[in-house]
Amino acid sequence: MAPPRKKPSKPRKSPKNPKRTEPKHDSSDESEEEMPPQQLELGDDGADSDSASELSSDGDDPLADDFLQGSDDEEKASGSDSGSGSGSDSDDDDIEKKSRAIDEEKAREEEDAEAEMQLNINQESDEFRLPTKEELEEETLRPPDLTNLQRRIKEIVRVLSNFKALRQEGSTRKDYVEQLKKDISTYYGYNEFLIGALVEMFPVVELMELIEAFEKPRPVCLRTNTLKTRRRDLADVLINRGVNLDPLSKWSKVGLVVYDSQVPIGATPEYMAGFYMLQSASSFLPVMALAPQEKERVVDMAAAPGGKTTYIAALMKNTGIIFANEMKVPRLKSLTANLHRLGVSNTVVCNYDGKELPKVLGVNAVDRVLLDAPCSGTGVISKDESVKTSKSLEDIQKCAHVQKELILAAIDMVDANSKSGGYVVYSTCSIMVAENEAVIDYALKKRDVKLVPCGLDFGRPGFIRFREQRFHPSLEKTRRFYPHVHNMDGFFVAKLKKMSSSKPGAKPSETAEEEETTTSVKEKEKSTDGIKENGNVSSEPESKKMKKRKFPSKPSNGLKEKGKESSESEPKKRMKRQFPSKEEISKAREEKRNALREKKRKGSKKQQKQK
Amino acid sequence: MRPLDEKETSAVFEKLFKFVGNNLKNIVENPSHEGPDSNPGRYCFRLHKNRVFYASESLVKRATNVARPNLASLGTCIGKYTHGGSFHLTVQALNLLAANAKHKVWLKPQSEMSFLYGNHVLKSALGRITDNISAGDGVVVFSMADVPLGFGVAAKSTQDCRKLDPNGIVVLHQADVGEYLRMEDEL
């Protein structure tokens, strides 16, 4: 009825509100929550009531209060309604809040997930980190974790192949290589020396290929004995027996490779009858390089068990003569047995140390020599795993020393003027430079030989330089074979042609010194003859040869003096290495000259006197 | 290494004659192309450390350079002298014998392995046999593919073989190529 619900215009409200709110504030502290909204509304309503009953309100405040209180109840009711409305509003707010909270959570989770993913990606594509010292110590205490090692090896190879991009800050290439070496030796079982040598020879990726190839065996090969059968016939017979085989490659007409076999391939009747020989493919190569002709004289200096010797005999069709030498007595039996089994009849088997052979068979006596030198065997690790751990630097050097002596003996045996020959083939089943290129280089310096092409074009040329060593450039005609490239055992072949029998002894060494002393002895004899007979022409070229720089260029007054100079130059040459004695020699020379002059004078005086 | 003396030569030739008969002439006078000369030399026998070797003359000449303790083999070894002084042919002579054999026997494929293990040849193993073998003759054993497998002594003549029961021994084993694997050290 009364227009308390009318909402007055605001200017009327405002002055009255502070009045009304203040007392109300004082009175009611407890229900502040409800009061303020109600207060406002009360204030509004109060304003309404005021506006409605302006006339009466100024006068009767208690009435107004009562009125207000009455309206209070109403207001309270409305307040409660509005409270519940705001409660429902606050309910709505809660839901909104909750949904907002859920959304926020979701967003947070997504962010986290993304962040994790980023982190994971970063970790995977992150540079491979070298293990720290503590980690390495831990590893040595535990038994070796093979998968971890393998993973680390692969990672290091990856880093090293793209070093600039993938390297870890602060680590040098050497650190990575050292760690790789350690891991490889633990994983594959190599000793430190051998893995160090291999790392020096190959780039990292190839090194891994080589090591993997060494772990697997090479396929079994056999060589048809052309003295008794042909490859096609043999292949037919063996296939009938149940052997799965194929021709070896296009570079061999007698080789067959065996994949698998139902019968033992080394015990078939054909094997026993001598139709074929079990031999590794790499063993064909030196004989193919040697290319012996019919009716030649050939020496095989390290022949057992006889695979190469019998191949030589087959190529020569049982004509000519082969000397098969073997130093170790137990191996002689297998050599003779194989020779007889394969029907070789032109061979003499002897048991000497290879270095003595030139004395036995004569110098410059044969047409061709094959030297398959005893070596460290680093190329045949797939056959003999003990090589991985048993070879050290001293072993290699010992082998190299023996090989150098043997190759000189081989060269001495060959006849340089042979009509059809004059060749030495040197081969080893090793991949070490010290046993291969270094030995050939030594031979080139010590004897008048030169390298010729082997005829095996599918191999890799030998090293011309290796680390700090520099070899003769013709060494690129030698050939190297590797298991991971050619599917053969590691092998090295070199073919030398002897040009003449002279021995240019340039560098001092044991054999060189012997040569020098022997030739200087000869020279001495010649020069003493020269003094007597004035035949100094022969001694001059010798002396010229022996000392290139040191031929005395002093003017020689007489032939006698010349002869004496050449004889004196020998002690001079021998004492070449001790420089102070030059002065002594010149003094001695002066004295002798004076003595001669006096003799002359005396002689002439005597003649004058006699006259 | 020295040439054979009378007694030794007769012993060797006797054994060879059992196997090759008149072809002995071929063996002794075989022209050899092993020397560097174009004139073929001849083959000869030499005795070295109780073994008899068959080699061409040029080979023998060159082999004289090699000292006695260091010479292991020369050409083809055909047999050796036992402690008792008798001469036995060894399997390494097979190539020589097979080329000049008078009496031959061919084995069936299934029975090859038995002979190669050193057993005697039974009648059931026979594929083919040359006629006019008499007991005590030397016989060379082949496989059906004409691969020489070994040699031995005939136990029965050819006619008797026909009457024999399948388990009867036809050829007494003396040497076979399986010895290269079984007895390499004793060769």
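Rules and cut-offs
- Here the residue numbering is sequential within each chain, running from 1 through the sequence in written order.
- The order in which chains are written sets their letters, starting at A; the order in which ligands are written sets their numbers, starting at 1.
- Thresholds applied to this predicted model are a pLDDT of at least 70 for local features of residues and 80 or more for the giving and counting of side-chain atom pairs; totals over whole chains, interfaces and linings are not thresholded and use all residues.
- The side-chain figures draw on all heavy atoms in the structure; neither hydrogens nor water molecules are used.
- In what follows, residue pairs with any heavy atoms lying within 4.5 Å of each other are defined as contacts.
- Defined here as a combined quantity, buried area equals the accessible surface (1.4 Å probe) lost by two parts on assembly, summed across both.
- Each salt bridge in this description consists of a side-chain nitrogen of Lys or Arg and a carboxyl oxygen of Asp or Glu lying within 4 Å of one another.
- For the purposes of this entry, the term helix denotes a DSSP run of H or I that reaches at least four residues, the term strand denotes a run of E that reaches at least two, and both are numbered from the N terminus.
- Three residue categories are used. Nonpolar comprises Ala, Val, Leu, Ile, Met, Phe, Trp, Tyr, Cys and Pro, charged comprises Asp, Glu, Lys and Arg, and polar comprises the others, including Gly.
- Any two of the Phe, Tyr and Trp rings considered here, Trp counted by its six-membered ring, make a pair once their centres fall within 6.5 Å; the pair's planes then place it as stacked at under 30 degrees, edge-to-face at over 60, or tilted in between.
- Each residue's exposure class comes from its accessible area (1.4 Å probe, protein chains only) as a fraction of the maximum for that residue type: buried when under 20%, exposed when over 50%, partly exposed otherwise.
- Either the NZ atom of lysine or the CZ atom of arginine qualifies as a charge over a ring when it sits within 6 Å of the ring centre and within 35 degrees of the ring normal.
- The domain limits used here are those given by an automatic or database domain assignment.
- Here, expected helix span is obtained from the residue count minus one, scaled by 1.5 Å.
- UniProt positions are given in the numbering used here, feature names are shortened, and annotations may be inferred rather than shown by experiment.
- Whenever a helix is involved, its axis is fitted only over the stretch in contact; in every case the axis is a line through C-alpha atoms, and angles between N-to-C directions fall within 0 to 180 degrees.
- Each angle receives one of four descriptions, namely roughly parallel if under 35 degrees, roughly antiparallel if over 145, roughly perpendicular if within 65 to 115, and oblique otherwise.
- It is the rotation of the near helix from the far one that decides the hand of a crossing: anticlockwise by less than a right angle makes it left-handed, clockwise makes it right-handed.

## Overview of the interface of chain A and chain B
Here's step 1: Contacts between the two partners involve 35 residues from chain A and, on the opposite side, 35 residues from chain B.
Here's step 2: Summed over both sides, the interface between chain A and chain B buries roughly 2,900 Å², with carbon and sulfur atoms accounting for 60% of that surface.
Here's step 3: Counting the surface chain A buries against chain B, the share from its top three residues, Met272, Lys295 and His340 of chain A, is 23%.
Here's step 4: Note that Arg241 of chain A is salt-bridged to Glu112 of chain B, the shortest N-O span being 3.4 Å.
Here's step 5: Listed by contribution, the elements that provide at least two residues to the side of chain A that touches chain B are α12 (269-272), β6 (321-325), α15 (329-341), β7 (347-350) and α16 (357-361) of chain A.
Here's step 6: Broken down by element, the side of chain A that touches chain B gets its largest block of residues, seven residues, from α15 of chain A.
Here's step 7: Looking at the side of chain A that touches chain B, its residues break down into 17 nonpolar, twelve polar and six charged.

## A closer look at the environment of Asp93 of chain A
Here's step 1: Checked against the element boundaries, Asp93 of chain A lands in helix α4 (residues 61-124).
Here's step 2: C-alpha separation for the pair Asp93 of chain A and Phe466 of chain A, spaced 373 residues apart in sequence, amounts to 83 Å.

## Here's the deal with the packing of aromatic side chains
Note on aromatic pairs: each is described by the distance of the centres and the angle between the planes.
Here's step 1: Applying the stated rule across the entire model yields 15 aromatic pairs over all chains.
Here's step 2: Ring centres of Trp106 of chain B and Phe142 of chain B lie 6.0 Å apart, and the angle between their planes is 25°; this geometry places the pair in the stacked category. With Trp106 of chain B in strand β7 (residues 104-107) and Phe142 of chain B in strand β10 (residues 138-143), this residue pair connects regions lying 36 residues apart in the sequence.
Here's step 3: You can call Trp106 of chain B buried: its relative accessible area is 6%.
Here's step 4: We classify Phe142 of chain B as buried; its relative accessible area is 5%.
Here's step 5: Within the aromatic cluster, the residues linked to one another by ring pairs are Trp251, Phe284, Tyr311, Phe458 and Phe481 of chain A.
Here's step 6: Positioned over the ring face of Tyr271 of chain A is Arg341 of chain A, at 4.0 Å from the centre of the ring.
Here's step 7: Above the plane of the ring of Tyr423 of chain A lies Lys497 of chain A, whose end atom (NZ or CZ) is 5.1 Å from the centre.

## Brief notes about the environment of Met277 of chain A
Residue and element names in this part refer to chain A.
Here's step 1: Looking at the element boundaries, Met277 is found in strand β4 (residues 276-278).
Here's step 2: The spacing of Met277 and Arg158 is 119 residues in sequence and 44 Å in space, taken between C-alpha atoms.
Here's step 3: With sequence-adjacent residues up to four places away left out, Met277 is seen in contact with Cys221, Leu222, Arg223, Gly306, Gly307, Thr310, Asn338, Arg341 and Leu342.

## Focus: the domain arrangement of chain A
Here's step 1: Taken domain by domain, chain A consists of domain 1 (133-215), domain 2 (219-279) and domain 3 (283-498).
Here's step 2: Computed from C-alpha coordinates alone, the two centres of domain 1 of chain A and domain 2 of chain A are separated by 41 Å.

## Considerations on helix α14 (residues 307-316) of chain A
Residues and elements named next belong to chain A.
Here's step 1: Extensive coverage of α14 is indicated by the burial of nine of its ten residues.
Here's step 2: Those residues of α14 lying buried are Gly307, Lys308, Thr309, Thr310, Tyr311, Ile312, Ala313, Ala314 and Met316.
Here's step 3: A positive phi of about 60° marks Lys317, the residue just after α14.

## A closer look at the pattern of salt bridges
Residue and element names in this part refer to chain A.
Here's step 1: Scanning all chains against the criterion turns up 24 salt bridges over all chains.
Here's step 2: The shortest N-O distance in the salt bridge between Glu200 and Arg467 comes to 3.5 Å. Note that Glu200 is positioned in helix α9 (residues 192-201) and Arg467 in the loop between β12 (465-466) and β13 (469-470), a separation of 267 residues in sequence.
Here's step 3: The network of salt bridges with common partners includes Glu215, Glu385 and Lys388.

## Considering helix α6 (residues 146-161) of chain A
Residues and elements named next belong to chain A.
Here's step 1: In a regular helix each residue adds 1.5 Å, so 16 residues correspond to 22 Å; α6 covers 23 Å between its end C-alpha atoms and thus fits that length.
Here's step 2: All of the buried residues along α6 are Leu149, Gln150, Arg152, Ile153, Glu155, Ile156, Val157, Val159 and Leu160.
Here's step 3: Tucked into the core, α6 has its buried residues touching α5 (133-141), α7 (163-166), α8 (173-188) and α10 (204-215).

## Some thoughts on the domain arrangement of chain B
Residue and element names in this part refer to chain B.
Here's step 1: Looking at chain B, the domain boundaries give domain 1 (2-95) and domain 2 (103-183).
Here's step 2: The C-alpha-based centres of domain 1 and domain 2 are spaced at 26 Å.
Here's step 3: Regarding the contact of domain 1 and domain 2, the summed buried area is about 900 Å², with carbon and sulfur atoms giving 73% of it.
Here's step 4: Area buried by domain 1 at its contact with domain 2 is led by Phe19, Val91 and Leu94, which between them contribute 70% of it.

## Here's the deal with the UniProt feature "active site" (unreviewed entry) in chain A
Here's step 1: According to UniProt, the positions carrying the feature "active site" (unreviewed entry) are Cys429 of chain A.
Here's step 2: Excluding anything up to four places from it in sequence, Cys429 of chain A contacts Cys375, Gly377, Thr378, Gly379, Val380, Gly490 and Phe491 of chain A.

## A look at the packing of helix α18 (residues 393-413) of chain A against helix α19 (residues 437-446) of chain A
Relative placement of two packed helices is described by the angle separating their axes and the distance separating the axes.
All names here are of chain A.
Here's step 1: Between α18 and α19, the least distance of the axes is 10 Å, while the angle of their chain directions is 40°. One way to sum up the angle between α18 and α19 is to call them oblique. Considering how the two elements wind past one another, α18 and α19 form a crossing that is right-handed. Across the interface between the two elements, Ala400, Gln403, Lys404, Ile407, Leu408 and Ile411 of α18 pack against Ala438, Val439, Ile440, Tyr442, Ala443 and Lys446 of α19.
Here's step 2: A per-class count over the contact of α18 with α19 returns nine nonpolar, one polar and two charged.

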